[in-house]
Amino acid sequence: MRIEFERFGGFAGMRLRATVQTATLPAAQAQEIEALVVAADFFDVPPNLSAPQPAADRFQYEVTVTDGERCHTVRADEAAVPGTLQPLLRRLTRMATRN
Amino acid sequence: MTVSTAGMRPAGMRPAGMRPAYMRSACMPQHHVHCFIPPHMLKEIAERGSPAQRDRALKTLLVSEQLRGQREALTGLPGLATRALAVGKQRNVYDAENGSTLPGRLVRAEDAAATGDLAVDEAYDGSGATYDLYHDVYERNSIDNAGMRLDSSVHYQQGYDNAFWDGQQMVYGDGDEDLPEAERLFNRFTIALDIIAHELTHGVTQYEAKLAYWDQSGALNESISDVFGSLVRQRALGQTAVEADWIIGAGLFTPRVNGVGIRSMKAPGTAYDDPVLGKDPQPAHMRDYKQVDYDNGGVHINSGIPNHAFYVVARELGGNAWEKAGRIWYVALRDRLEARSDFAAAARITHSLAGELFGAGSLEQQAVRTGWTEVGISVEGGDTGNGKAGCLGAPAAALATLLWPLGGPRGQVG
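Residues numbered from 1 in each chain as written. Chains lettered and ligands numbered in written order. Predicted model: local features only at pLDDT ≥ 70, side-chain atom pairs only at ≥ 80, totals over all residues.

Draft legend 1. Region of the structure containing the overall build of chain A. Of regular secondary structure, chain A possesses 2 helices and 6 strands. Going from the N terminus to the C terminus, chain A shows its helices and strands as β-β-α-β-β-β-α-β. Expected size for 99 residues packed as a compact globule is a radius of gyration near 13 Å; at 13 Å, chain A falls within 12% of this value. Seen through its C-alpha atoms, chain A measures out along the principal axes to roughly 40 × 30 × 20 Å. Expressed as a percentage of the 99 residues in chain A, the buried residues total 43%. (Helix = DSSP H or I, 4+ residues; strand = E, 2+ residues; numbered from the N terminus. Rg over C-alpha atoms; globule rule 2.2 N^0.38 Å. Buried ≥ 20, exposed ≤ 12 C-beta atoms within 10 Å, placed from the backbone.)

Structure, rendered in structure tokens:
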């Protein structure tokens, strides 16, 4: 499984990015991340999650997961992120580097 | 114009049929949340709910009422309404207790003693200092100029490197508190008074110019928040324009970061340069304007340009920046800037206002011209493509705003 993750915006306006290849990770970590993708029901999350009103200084996320034949991109305003997707985004945020 | 090569696109163009997320969200009605619950239901809550529910319902009613320019919503609630409208500075600070539910548990109300929790007390004092600048210098009664209570929530989530205004209140994270100390880059976001004032000013902008949060109007929105954020701090510290450091977010970085803050209005692009965080991307001049498809079109990046223009105006005038430069910018925000105003419109408006407030050809008006000229913007120029003022009459402009979601003026670039 390959995951591309980006976070934009926020008060500081800094960009965070991560590219994760689960095959290259320790088994436990790979399983943890793949489980978060499953728990998020990621491939069925709508591709565009917009907040009802633009809130100043909030984050925006863009996540693409490729797993075998399947590939799905989700672009989300922070305020519109479903609770099921939040643990995956938090995990990826911790793996990301800036710029 | 067409996209000639798949996978490549000229700067500023977007592939046909693909609209960045920031454009979609920005085209939605701004006060959707406020209008969601019908007034009659809010009145029920205001009369029968818990104290917190009553406060929130009343606040929503007041906002809705102002939006519609009607007074009917408050009929039958004279006691509540009068109390809310008559009071002066009112602050509530809530503890989100590391969760995502807002506002959280009320931990400090107006006139209550300090709690000893740094974030709580900084949010309380900082929102007070912000209220004071707007009230004492610009005769403004809170965010909505109608005594709106200033609500802040601290300890939002865990490891939350951010602060934001959610349309109704301020929200602050604790930075990297969940990481081992040796790995932390960010302190709590209440640590800098200008961050607190920045967030509150987003509220003022929401009630006044309503600057659309993308591209140049979004960068102006950000810049306005930095301008008044810095002015609140300068006033609290008793600093003149020359004495002030013009740094936004001083103290936010831990000592591990090579940087003095998040942004520099005096020298945009120089606030930080760090192996982990990268380099401050802000331009100080129009020739370095960054067309990007993230951060709502770079609202936190290109704000460096109007930020620096304001700094130059204040530097030229000397003395306390909030008195003259700040007044020009405040009146522009309150009376002249519009949702789709761009940098050129802001230059034209502030230059014109300086003449009206201080006299045609006055030192103040000359300083405003110098400020915008130093960042490469003419005070007489036309709009640069992001704004509507000057290109369209008011009715046509209003219509254009309504039509944006259907591909109105934005169609020119995509």
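Draft legend 2. Expanded view of the overall build of chain B. Helix and strand content of chain B: 14 helices and 9 strands. Among the 414 residues that make up chain B, the fraction classed as buried is 50%. If you take every contact in chain B between residues at least 6 apart in sequence, the share linking residues at least 24 apart comes to 59%. (Contact = placed C-beta atoms within 7 Å.)

Draft legend 3. Molecular detail of the sheet that holds strand E5 (residues 170-172) of chain B. Residue and element names in this part refer to chain B. The mixed open sheet is built from 5 strands, whose spatial order is E2-E1-E3-E5-E4. The open sheet has two free edges, formed respectively by strand E2 (105-109) and strand E4 (163-165), since each of these has just one partner strand. Put simply, the sheet's adjacent strands are angled 20° from each other on average, direction ignored. Sheet topology places strand E1 (residues 91-95) next to E2; 4 bridges connect them, and they run antiparallel. When the sheet's bridge partners are listed, Tyr94 is paired in E2 with Leu106. Of the strands in this sheet, strand E3 (150-154), E4 and E5 touch helix H7 (residues 193-207), which is tilted by about 20° from E4. (Pairing = 2+ DSSP bridges. Axes fitted to C-alpha atoms, helices over the stretch in contact; angles between N-to-C directions.)

Draft legend 4. Quick peek at the domain arrangement of chain B. Residues and elements named next belong to chain B. Taken as a whole, chain B is organised into domain 1 (38-79), domain 2 (88-191) and domain 3 (215-404). Here the C-alpha centroids of domain 2 and domain 3 sit 24 Å apart. Between domain 2 and domain 3, the contact holds 11 residues from the first and 14 residues from the second. (Domains from an automatic or database assignment.)

Draft legend 5. Representation of the pairing of strand E4 (residues 59-67) of chain A within the structure. Residues and elements named next belong to chain A. With 8 bridges connecting them, strand E1 (residues 2-9) and E4 associate as antiparallel partners. Within the sheet, the bridge partner assigned to Phe8 lies in E4 and is Gln60. Two strands pair when backbone bridges link them, and E4 and strand E5 (residues 70-77) are joined in this way by 8 bridges, in the antiparallel orientation. The residue bridging Glu62 from the neighbouring strand is Arg75, located in E5.

Draft legend 6. How the structure looks around helix H2 (residues 86-95) of chain A. Residue and element names in this part refer to chain A. Within H2 the residues assigned to the buried category are Leu88, Leu89 and Leu92. Each buried residue of H2 lies within a common arc of 95° when the element is viewed along its axis, so the set occupies one face. Next to the buried residues of H2 lie E1, strand E2 (16-21), helix H1 (27-39) and E4. (Arc of directions from axis to C-beta.)

Draft legend 7. Spotlight on the nonpolar core. Judged by nonpolar contacts, the single largest core of 101 residues is most densely connected at Tyr172, Phe310 and Val313 of chain B. Counting contributing residues per domain, this core is built from domain 2 (88-191) and domain 3 (215-404) of chain B, each supplying no fewer than three. When near neighbours in sequence (up to four residues on either side) are disregarded, Val313 of chain B contacts Ala325, Ala367, Val368 and Gly371 of chain B. Listed in part, the 21 residues of the second largest apolar core include Ile33, Val63, Val65 and Ala76 of chain A. (Core = buried A, V, L, I, M, F, W, Y, C linked by C-beta atoms within 7 Å.)

Draft legend 8. Local environment of the environment of Ser50 of chain A. Residue and element names in this part refer to chain A. With respect to the element layout, Ser50 can be found in the loop between strand E3 (48-49) and E4. Given 21 C-beta atoms within 10 Å, Ser50 falls into the buried group. Spatially, the C-alpha atom of Ser50 lies 8.5 Å from that of Glu78, the residues being 28 residues apart in sequence.

Draft legend 9. Summary view of the pairing of E1 of chain A. Residue and element names in this part refer to chain A. Here E1 runs beside E2; their pairing, made up of 6 bridges, is antiparallel. In the sheet register, Arg7 faces E2, and the bridge partner there is Leu16. Hairpin connection of E1 to E2: 6 residues between the antiparallel strands, including Gly10 at a positive phi of 85°.

Draft legend 10. Here's a closer look at the packing of H7 of chain B against helix H8 (residues 215-237) of chain B. Residues and elements named next belong to chain B. H8 packs onto H7 with a crossing angle of 130° between their chain directions and a minimal axis gap of 7 Å. When the axes of H7 and H8 are compared, the pair comes out oblique. The element H7 and its partner H8 pack so that their crossing is right-handed. Every residue of H8 that contacts H7 at Leu193, Asp194, Ile195, Ala197, His198, Thr201, His202 and Thr205 is listed here: Asn221, Ile224, Ser225, Asp226, Phe228, Gly229, Ser230, Val232, Arg233 and Ala236. Its residues assigned to classes, the contact of H7 with H8 shows 7 nonpolar, 8 polar and 3 charged. (Parallel < 35°, antiparallel > 145°, perpendicular 65-115°, else oblique. Left-handed = near helix turned anticlockwise from the far one by under 90°. Nonpolar A, V, L, I, M, F, W, Y, C, P; charged D, E, K, R; others polar.)

Draft legend 11. Broad picture of the environment of Met265 of chain B. All names here are of chain B. As for its placement among the helices and strands, Met265 is situated in the loop between strand E7 (263-264) and strand E8 (273-274). In the structure, Met265 is positioned 40 residues away from Ile305 in sequence and 8.6 Å away in space, judged by C-alpha atoms. Look past the residues within four positions of Met265 in its chain and what remains in contact with it is Asp226, Ser230, Trp246, Ile248, Asn307, His308, Phe310 and Tyr311.

Draft legend 12. Spatial organisation of H1 of chain A. Residue and element names in this part refer to chain A. Between its terminal C-alpha atoms H1 stretches 18 Å, which fits the 18 Å expected from 13 residues at 1.5 Å a residue. Within the sequence span of H1, burial applies to Ile33, Leu36 and Val37. One face of H1 carries all of its buried residues, which in axial projection span an arc of 100°. Exposed side of H1, more than 90 degrees from the buried face: Ala27, Ala28, Gln31, Ala35, Val38 and Ala39 are the residues found there. (Expected span 1.5 Å × (residues − 1).)

Draft legend 13. Examining the confidence of the model for chain B more closely. All names here are of chain B. Overall, the predicted model of chain B reaches an average pLDDT of 81, with 71% of residues at or above 70. In this model, residues 63-84 is a region of pLDDT below 50 whose contacts with residues beyond four sequence positions or in other chains number 25 contacts. Reported for the predicted complex are a pTM of 0.79 and an ipTM of 0.90. (pLDDT = per-residue confidence, 0-100.)

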